[in-house]
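Okay, here's what each chain looks like letter by letter:
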Amino acid sequence: MNVKLKTLTMAATIALAAFSVAGAAHARDQIQIAGSSTVLPYANIVAEQFGQTFPQFKTPVVESGGSGGGLKQFCGGVGLNQIDIANSSRPIKEDEKAACAAAGVTDIIEVRFGYDGIVFASDVNGPEFAFTPADWFLALGTNVPVDGKLVENPNKTWKDVNASFPDWKITALIPGEKHGTREVFEEKVLAAGCKATGALDLLVASGLDKKDAEKACVRVRTDGASVDIDGDYTETLGRLQSNKQAIGVFGLSFYENNIDKLRVATIGGVSPSVASIASGEYPVSRPLFFYVKKAHIGVIPGLKEYAEYFLSDGMAGPDGPLAEYGLVPLPADEHEAVKADLAAGKTL
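A brief look at the structure comes next. (Residues numbered from 1 in each chain as written. Predicted model: local features only at pLDDT ≥ 70, side-chain atom pairs only at ≥ 80, totals over all residues. Heavy atoms only, no water.)

All right, on to the overall build of the chain then. Tallying secondary structure elements over the chain gives 16 helices and 13 strands in all. The C-alpha atoms of the chain give a radius of gyration of 22 Å, which matches the 20 Å a tight globule of 348 residues would have. Projected onto the principal axes, the alpha-carbon positions of the chain cover approximately 70 × 50 × 40 Å. Considering only intrachain contacts with a sequence separation of at least 6, the fraction spanning at least 24 residues in the chain is 73%. (Helix = DSSP H or I, 4+ residues; strand = E, 2+ residues; numbered from the N terminus. Rg over C-alpha atoms; globule rule 2.2 N^0.38 Å. Contact = heavy atoms within 4.5 Å.)

What follows is the structure in structure tokens.
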């Protein structure tokens with residue numbers, strides 16, 4: 001262990017000890033949560049109902065900021081000025097775990113509570129789109145194959161990408177890099193499209209090793225065709241409503257709650273729905289998580305109870321309000337296993 005890391009770890013250990021011993025007497029009395037904009041509406045539903053169901057606890061404060069932003073806050077340390085839970089639309093990364101450990105956040109409880117799909121939608125009065133991952137790569141990739149060679153992306157309209165599409169200027173509203181949705185979009189759409197078009201093989205043939213070639217596959221053009229949205233899906237919707245020929249990336253639940261404004265596209269011939277995501281037929285789906293700082297349990301009032309309430313059948317089950325909003329619930333056996341791990345305080 002280098003001197004800097006050792007110093008940080010010792011400082012974090014001292015802070016944790018002080019928090020554990022003295023914190024209970026001076027604890028804040030409200031759970032603090034931040035992270036994924038996809039998980040945000042689910043966490044808001046749970047927090048509101050938790051406050052009503054458990055009047056002895058204050059309603060938790062839930063903020064957005066993206067999966068990466070929430071996990072960065074979560075890994076800031078242990079103590080009354082640190083958040084208790086991070087919401088995430090992707091699993092925590094190894095480098096984030098290392099950052100947590102260096103700051104004294106060594107006991108992390110991972111709670112997977114359901115699934116969501118990523119959908120591609122345009123104005124409700126516009127034409128239908130039937131996309132493939134290859135279409136999206138050809139629309140947004142930095143360099144794309146033309147006549148067997150990689151060239152700077154020449155495609156200006158969706159019709160340039162696919163002759164069956166309308167002659168609309170390519171304007172794709174995609175999640176910014178701090179969002180977990182962006183990472184799933186890169187992995188399951190851009191990377192898949194890069195491989196399907198032969199671009200990955202051409203990148204490797206150009207001399208790049210496979211890892212660098214895969215990074216190049218998910219690099220998007222910077223000429224205005226691709227627009228990063230750093231806010232939540234309401235910002236994406238607002239941009240789309242001001243440009244009726246834009247196409248946005250949304251979570252399934254957001255689309256289902258704005259079906260009067262949006263027309264959803266198919267991917268690989270499959271329409272996104274709770275059923276197609278639950279069956280695994282729809283290709284662009286992902287699990288949803290929240291992460292609990294175990295050191296804060298027993299110090300921050302209601303933290304353990306909130307986590308258990310979130311995962312309860314009445315909230316996250318097939319007949320609960322989260323499913324009603326659009327969550328794809330966990331299969332029954334998986335749900336029971338996750339509840340058992342939470343009850344046991346199992347950490348990563």
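What follows covers the pattern of salt bridges. Counted under the stated rule, the structure contains 19 salt bridges. Linking D228 and R182 is a salt bridge whose minimum nitrogen-to-oxygen distance equals 3.1 Å. You can see D228 sitting in strand β9 (residues 226–229) and its partner R182 sitting in helix α7 (residues 180–196), a full 46 residues away along the chain. In this structure, the salt-bridge partner of D313 is K339, at a minimum N-O distance of 3.0 Å. With a gap of 26 residues between them, D313 in helix α14 (residues 313–316) and K339 in helix α16 (residues 332–343) connect regions that are remote in the sequence. For D313, a relative accessible area of 45% translates into the label partly exposed. (Salt bridge = Lys/Arg side-chain N within 4 Å of Asp/Glu carboxyl O. Buried < 20%, exposed > 50% of the residue type's maximum accessible area, 1.4 Å probe, protein only.)

Overall, the coordinates contain 2 disulfides when judged by the stated rule. A sulfur-sulfur separation of 1.9 Å characterises the disulfide bridge that pairs C75 with C100. Judged by the sign of its S-S torsion, about -70°, the cystine formed by C75 and C100 is left-handed. Of this pair, C75 sits in the loop between α3 (67–74) and β3 (85–88) while C100 sits in helix α4 (residues 94–102), and the two are 25 residues apart along the sequence. When its relative accessible area of 8% is taken as the criterion, C75 is described as buried. Disulfide pairing places C194 opposite C217 at an S-S distance of 2.0 Å. Between C194 and C217 the sulfur-sulfur dihedral comes to about -55°; the bridge is accordingly left-handed. Of this pair, C194 sits in helix α7 while C217 sits in helix α9 (residues 210–217); the two residues are 23 residues apart in sequence, bridging distant segments of the chain. By relative accessible area, which is 2% here, C217 ends up buried. Among the cysteines of the chain that take part in disulfides, numbered as they appear in the sequence, the pairing is 1-2, 3-4. (Disulfide = S-S within 2.5 Å.)

Tracing the sequence through the fold places N153 in the loop between β7 (149–152) and α6 (158–161). Of note is the side chain of N153, whose polar atom sits 2.9 Å from the backbone nitrogen of N155. Apart from the residues within four sequence positions on either side, N153 is in contact with F137, L138, A139, L140, G141, T142, N143, V144 and R221. (Polar contact = N/O pair within 3.5 Å; in protein donor to acceptor, adjacent residues only side chain to side chain.)

Moving on to the packing of aromatic side chains. Describing an aromatic ring pair means giving the distance of the ring centres and the angle of the ring planes. Using the criterion set out here, one finds 30 aromatic pairs in the structure. On the numbers, 4.9 Å between centres and 35° between planes, the contact of F50 with F54 is tilted. Owing to a relative accessible area of 0%, F50 belongs among the buried residues under this scheme. Using a relative accessible area of 21% as the deciding quantity, one classes F54 as partly exposed. Through a chain of ring-to-ring contacts, the aromatic side chains of Y42, F50, F54, F57, F113, F290, Y306, Y309, F310 and Y325 assemble into a single cluster. Over the ring of F74 we find K293; its NZ or CZ atom is 4.9 Å from the centre of that ring. (Phe/Tyr/Trp six-rings, centres within 6.5 Å; stacked < 30°, edge-to-face > 60°. Lys NZ or Arg CZ within 6 Å of the ring centre and 35° of its normal.)

Attention now moves to α9. Those residues of α9 that fall on the buried side of the exposure criterion are A213, A216 and C217. Buried positions in α9, seen along its axis, are confined to an arc of 105° and lie on one side of it. For α9, the elements touching its buried residues are α5 (133–140), α7 and α8 (199–205). The backbone nitrogen of K211 has a side-chain oxygen 3.2 Å away, supplied by the residue at the start of α9, namely D209. (Arc of directions from axis to C-beta.)

F120, F131, W136, L140, W158, F185 and F250 are the most contacted members of the largest nonpolar core, which totals 54 residues. Beyond its immediate chain neighbours, meaning those up to four positions away, L140 contacts N153, I170, A172, I174, F185, L190, R219, V220, R221, A225 and S226. (Core = buried A, V, L, I, M, F, W, Y, C linked by side-chain atoms within 4.5 Å.)

Running from N to C, helix α2 (residues 40–53) and helix α13 (residues 303–311) point in directions that differ by 120°, and their axes come no closer than 10 Å. Considering only the axes of α2 and α13, their crossing is right-handed. Of the residues in α13, those touching α2 at Y42, A43, V46, A47, Q49, F50 and T53 are E305, Y306, Y309 and F310. Broken down by class, the residue content of the contact of α2 with α13 amounts to 8 nonpolar, 2 polar and 1 charged. (Axes fitted to C-alpha atoms, helices over the stretch in contact; angles between N-to-C directions. Left-handed = near helix turned anticlockwise from the far one by under 90°. Nonpolar A, V, L, I, M, F, W, Y, C, P; charged D, E, K, R; others polar.)

Glancing now at α7. Taking 1.5 Å per residue as the helical rise, α7 with its 17 residues ought to reach 24 Å, and the 23 Å between its terminal C-alpha atoms agrees with that figure. If you look at α7, its biggest bend is around 35°, right at E186. Of all the residues in α7, the buried ones are G180, T181, R182, V184, F185, E186, V189, L190, G193 and C194. One or two positions beyond α7, positive phi appears at G198, with a value near 90°. (Expected span 1.5 Å × (residues − 1). Bend = angle between axes of the 7 residues up to and from the residue.)

Among the 9 residues that make up strand β13 (residues 285–293), 8 are buried, leaving the element largely enclosed by the rest of the structure. Relative to β13, β3 runs antiparallel, the two sharing 4 bridges. Opposite S88, over in β13, you have F289 as the bridge partner. (Pairing = 2+ DSSP bridges.)

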